[in-house]
Amino acid sequence: MSEELEGKHGVQSLEVGMGILKAMVGGKRSMMLKDIAAAAEMPPSKAHRYLVSLIRAGLVEQDPLTSRYNLGPFALNIGLVAIDRLDRVRVGMAAIAELRDQINETTALAVWGDSGPVVVRWERPRRAITVNVVTGTRLSLLNSAAGRVFATWLPRSQVEPLILKELSGNNLPPGVHSLDDALALLAEVEQRGVSAISGNYAVKGVEAVSAPVFNFKNELTMALIIVGVEGSIDMGPDSPVIAELKRASRSLSLRLGSTRDSEQPAATD
């Protein structure tokens, strides 16, 4: 086979080997040969031959006591290098652009700054009436959708002093007067998996919903935001817009190496 033809068709044996690695990643734990073969949809004898080569390459290792297979040190190294080279804000900006195209609403990206969440990028929808978001805007932890996301999934010790500072002011959400009230509000966000504010947003006539994005350490790293004119976004549990937001946040979290879901318990440290 010529080099040109091989380049077009790829190397089949390599693709088969990658299929075994994908099966092992999908298993999320050490696996027996028969389970790997079944997940990769091939006979155990064939899977074993490939596993031998993958072990030699350091991509797979076998526990001599249990005979189970797991990803090897070189596979771990590849993953860590890939994550280290991944620009989270860059992929986050691509995510909000794609989300904007899907729902035709204003979308934004927020990260944690020196003393709270900050908007670092926003995308304008293709419609006549829009809500503009100012890049660099610092968001309230209690009065903004993204702020509530950070207050919910960041460690309590990190956000509680800022929550107490906001509670000492006058601009508080309806029904929130104490730390217990604020924690009850955040518990609702955690239970739902997103933070949605409509009718009582900090900016009159605006509503917003936000979802968390986690990194490879399963820590909150960003928040995706949808902003609209009040009454324009369906905030119900079966809302297609919120379903798209959750899909985008899960997809981005997976891209960043996370193995958790926003519905898991929030950090309490």
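Before reading further, recall that the structure is shown in the block above.
So, here's what we can say about the structure.

Thresholds, definitions, all that
- Residues numbered from 1 in each chain as written.
- Predicted model: local features only at pLDDT ≥ 70, side-chain atom pairs only at ≥ 80, totals over all residues.
- Heavy atoms only, no water.
- Axes fitted to C-alpha atoms, helices over the stretch in contact; angles between N-to-C directions.
- Helix = DSSP H or I, 4+ residues; strand = E, 2+ residues; numbered from the N terminus.
- Parallel < 35°, antiparallel > 145°, perpendicular 65-115°, else oblique.
- Contact = heavy atoms within 4.5 Å.
- Nonpolar A, V, L, I, M, F, W, Y, C, P; charged D, E, K, R; others polar.
- Phe/Tyr/Trp six-rings, centres within 6.5 Å; stacked < 30°, edge-to-face > 60°.
- Buried < 20%, exposed > 50% of the residue type's maximum accessible area, 1.4 Å probe, protein only.
- Core = buried A, V, L, I, M, F, W, Y, C linked by side-chain atoms within 4.5 Å.

### Considerations on the packing of helix 3 (residues 33-40) against helix 4 (residues 44-56)
And step 1. One can describe the packing of helix 3 onto helix 4 by two numbers: an axis separation of 9 Å at closest approach and a directional angle of 100 degrees. In terms of their interaxial angle, helix 3 and helix 4 are classed as roughly perpendicular. Mapping the contact onto sequence places Leu33, Ile36 and Ala37 in helix 3 and Pro44, Ala47, His48 and Leu51 in helix 4.
And step 2. Residues of the contact of helix 3 with helix 4, tallied by class, amount to six nonpolar, one polar and no charged.

### Considerations on the packing of aromatic side chains
And step 1. Tallied over the full model, the rule gives two aromatic pairs.
And step 2. When the centroid spacing of 6.4 Å and the interplanar angle of 80 degrees are considered together, the rings of tryptophan 153 and phenylalanine 214 count as edge-to-face. Here the residue tryptophan 153 occupies a position in helix 7 (residues 145-153), and phenylalanine 214 occupies one in strand 6 (residues 206-214), the gap between them amounting to 61 residues.
And step 3. Classification of tryptophan 153 by relative accessible area gives buried; the value is 3%.

### Some words on the nonpolar core
And step 1. Core analysis: the biggest nonpolar cluster contains 32 residues, and Phe150, Ile163, Leu220, Ile225 and Val227 have the highest contact counts within it.
And step 2. Within the residue set of this core, elements represented by two or more residues are strand 3 (106-112), strand 4 (117-123), helix 7, helix 8 (156-167), helix 9 (179-192), strand 6 and strand 7 (220-229).
And step 3. Here this core gets six residues from one element, more than from any other, and that element is helix 7.
And step 4. Non-local contacts of isoleucine 163, meaning those with residues more than four positions away in its chain, are made with Leu141, Leu142, Ala151, Leu179, Ala182 and Leu186.
And step 5. Counting residues in hydrophobic clusters, the runner-up holds 22 residues, among them Val209, Met222, Leu224 and Val241.

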